[in-house]
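Here is how the chains run, residue by residue.
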Amino acid sequence: MTSVYSTLTYWLVNHPKISNFTWTEGETFGSTVFFVSLVLSVYLSATFLLRHAMVSLPSLGPRILKPITAVHSLILCLLSLIMAIGCTLSITSDPTPRFFHAICFPVDVKPKGPLFFWAQVFYLSKILEFGDTLLIILGKSFRRLSFLHVYHHATVLFMCFIWLRTRQSMFPLGVLTNSTVHVIMYGYYFLCAVGCRPRWKRLVTDFQLVQFVFGFGILAFMLSEHYFGSGCSGIWGIYFTAAFSASLMALFFNFRSKNYVKKTTEMIKLS
Ligand SMILES: CC(C)(COP(=O)(O)OP(=O)(O)OC[C@H]1O[C@@H](n2cnc3c(N)ncnc32)[C@H](O)[C@@H]1OP(=O)(O)O)[C@@H](O)C(=O)NCCC(=O)NCCSC(=O)CC(=O)O
């Protein structure tokens, strides 16, 4: 057990590429406003154009699409697991400063070390997640190409960029909770793609909602530390993330009520 822990800690925290990682605007891959704007413009226009083009084109068909979807979901499930473990170990392996830094970075924090490394991996993984949208469109599953889906995928990339650029406090908790939720979510998608649709879809949505509630709870503590304590880095990033999370939370409550609460009520009426 101890050797598993020390091996993981070496490869996911203390490896020189991770411990010496520095996020430098203009030098680190994807670290410019131009890059994030270009990627978002390509994503949104490709989504719009493909969505309309696919109406008159045949869908790829499940025999081709399902294996690709399964591999894509499995990759994201495993990557999310690695990010969740990497981030947890980065926080816990150096308990005194990093534990507190997971919630509040000092105002003069330098964007380097394992926590910034995992935030960078998390940021780039959001581009990989654009594959979800492509798979939905190629399968002509337009019901699932919702406002919630496109808004989430586009804005989350910008949010992760803001996390790095403003050295935003609390991002380690964001990486940790969202990666954990995504292990479950992509696990669910993987099982659907291989034909074993799980019965716990509702649980996935509930976990997604819990991450927002948890985030707002910690935010209250972080804000008190910022305004009444020694200050925390990236406060305007925090306000952006909080506003985005509040809007997503409302959309997810709406999704939950449409998909589960109404169906349960209808089933009770029928029986
Ligand atoms: C349970 C949910 C995770 C998913 O709800 P859905 O109604 O979209 O799910 P569903 O039951 O239709 O999904 C099963 C279908 O998805 C296909 N599928 C498999 N892998 C996929 C992938 N990587 N991306 C998109 N679709 C995929 C399966 O083959 C299957 O198709 P078939 O039906 O043909 O067999 C829900 O809580 C949710 O998030 N809904 C919002 C929609 C969304 O886009 N969510 C993901 C991004 S939001 C997010 O990620 C929030 C966060 O950060 O926590």
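Scroll up for the structure.
Bear in mind that the values here come from a model prediction, so they are computed numbers and not experimental data.

1. Notes on the site of the ligand
Around the ligand there are 29 residues in total, and Arg144, His149, Tyr188, Arg197 and Gln208 lie nearest to it. Across the complex, the protein chains shield 91% of the 1,100 Å² of accessible surface that the ligand would expose by itself. Of all the secondary structure elements, the ones that give two or more residues to the shell around the ligand are α4 (62–92), α7 (130–138), α8 (147–165), α9 (171–193), α10 (201–228) and α11 (235–270). Counting residues per element, the shell around the ligand draws most heavily on α9, which supplies nine residues. Per-class residue counts for the shell around the ligand are twelve nonpolar, eleven polar and six charged.

2. What about the packing of helix α3 (residues 33–55) against α8?
For the pair α3 and α8, the least separation of the axes is 11 Å and the interaxial angle reads 175°. Classified by the interaxial angle, the pair formed by α3 and α8 is roughly antiparallel. Taken together, the residues of α8 that come into contact with α3 (itself represented by Val33, Val36, Val39, Leu40, Tyr43, Leu44 and Thr47) are His149, Val150, His153, Ala154, Leu157, Phe158, Phe161 and Arg165. Here the contact of α3 with α8 is built from residues that sort into eleven nonpolar, three polar and one charged.

3. Concerning helix α1 (residues 2–14)
The end-to-end C-alpha distance of α1 is 16 Å, clearly below the 18 Å that 13 residues give at a rise of 1.5 Å each. Among the residues of α1, those classed as buried are Thr9, Leu12 and Val13. One face of α1 carries all of its buried residues, which in axial projection span an arc of 95°. Residues of α1 that are exposed and point over 90 degrees away from its buried face: Ser3 and Trp11.

4. Concerning the packing of aromatic side chains
The description of two aromatic rings rests on the distance between their centres and on the angle between their planes. Across all of its chains, the model carries 20 aromatic pairs by this definition. Where Phe122 meets Trp163, the ring centres are 5.7 Å apart and the plane angle is 5°; that geometry is what we call stacked. Of the two residues, Phe122 sits in helix α6 (residues 114–128) while Trp163 sits in helix α8, which places them 41 residues apart along the sequence. Take Phe122 and Trp163: they sit in the same class, and that class is buried. When the ring of Phe212 is compared with that of Phe252, the centres are 6.0 Å apart and the planes differ by 40°; the resulting orientation is tilted. Here Phe212 is found in helix α10, whereas its partner Phe252 is found in helix α11, with 40 residues between them in sequence.

5. A closer look at the nonpolar core
Proteins that are soluble and globular tend to have nonpolar side chains buried together. Of all hydrophobic cores here, the largest spans 48 residues; its most connected members are Phe116, Trp118, Tyr123, Leu157, Trp163 and Phe171. Of all the elements, α8 adds the most residues to this core, at ten residues. Not counting the four nearest positions on each side in its chain, Trp163 is found in contact with Phe122, Gln168, Phe171, Gly174, Val175 and Thr241. One finds Cys104, Leu173, Met222 and Cys232 within the second-largest nonpolar core, a separate group that totals ten residues.

6. What about unusual backbone geometry?
One non-glycine residue, Arg167, lies in the positive phi region at around 50°. Inspection of the secondary structure assignment puts Arg167 in the loop between α8 and α9. The phi torsion at Met170 lies on the positive side, around 75°, for a residue other than glycine. Since its relative accessible area comes to 12%, Met170 is described here as buried.

7. Observations regarding a positive patch on the surface
Taken together, the side chains of Lys66, Arg143, Arg144 and Arg197 make up a positively charged region of the molecular surface. Residue placement: Lys66 occurs in helix α4. On the basis of relative accessible area, Lys66 is assigned to the partly exposed category, the value being 39%.

8. Section: the state of the cysteines
This structure, assessed with the given rule, holds one disulfide. Across a sulfur-sulfur distance of 2.0 Å, Cys104 and Cys232 are joined as a disulfide pair. A torsion of -105° about the S-S bond marks the disulfide between Cys104 and Cys232 as left-handed. With a gap of 128 residues between them, Cys104 in the loop between α5 (95–101) and α6 and Cys232 in the loop between α10 and α11 connect regions that are remote in the sequence. Judged by its relative accessible area of 1%, Cys104 falls in the buried class. Not engaged in a disulfide, the cysteine Cys160 finds its nearest cysteine sulfur in Cys87; these two sulfurs lie 12 Å apart.

Cut-offs used in this document
- Residues numbered from 1 in each chain as written.
- Predicted model: local features only at pLDDT ≥ 70, side-chain atom pairs only at ≥ 80, totals over all residues.
- Heavy atoms only, no water.
- Near = heavy atom within 4 Å.
- Areas by Shrake-Rupley, 256 points an atom, 1.4 Å probe, with all protein chains shown as cover.
- Helix = DSSP H or I, 4+ residues; strand = E, 2+ residues; numbered from the N terminus.
- Nonpolar A, V, L, I, M, F, W, Y, C, P; charged D, E, K, R; others polar.
- Axes fitted to C-alpha atoms, helices over the stretch in contact; angles between N-to-C directions.
- Parallel < 35°, antiparallel > 145°, perpendicular 65-115°, else oblique.
- Contact = heavy atoms within 4.5 Å.
- Expected span 1.5 Å × (residues − 1).
- Buried < 20%, exposed > 50% of the residue type's maximum accessible area, 1.4 Å probe, protein only.
- Arc of directions from axis to C-beta.
- Phe/Tyr/Trp six-rings, centres within 6.5 Å; stacked < 30°, edge-to-face > 60°.
- Core = buried A, V, L, I, M, F, W, Y, C linked by side-chain atoms within 4.5 Å.
- Patch = residues over 30% accessible without salt bridge, like charges linked within 9 Å, V, L, I, M, F, W, Y side chains within 5 Å.
- Salt bridge = Lys/Arg side-chain N within 4 Å of Asp/Glu carboxyl O.
- Lys, Arg positive; Asp, Glu negative; His and termini not counted.
- Charge placed at Lys NZ, Arg CZ, Asp CG, Glu CD.
- Disulfide = S-S within 2.5 Å.

Such coordinate-based values are descriptive only and should not be taken to indicate function.
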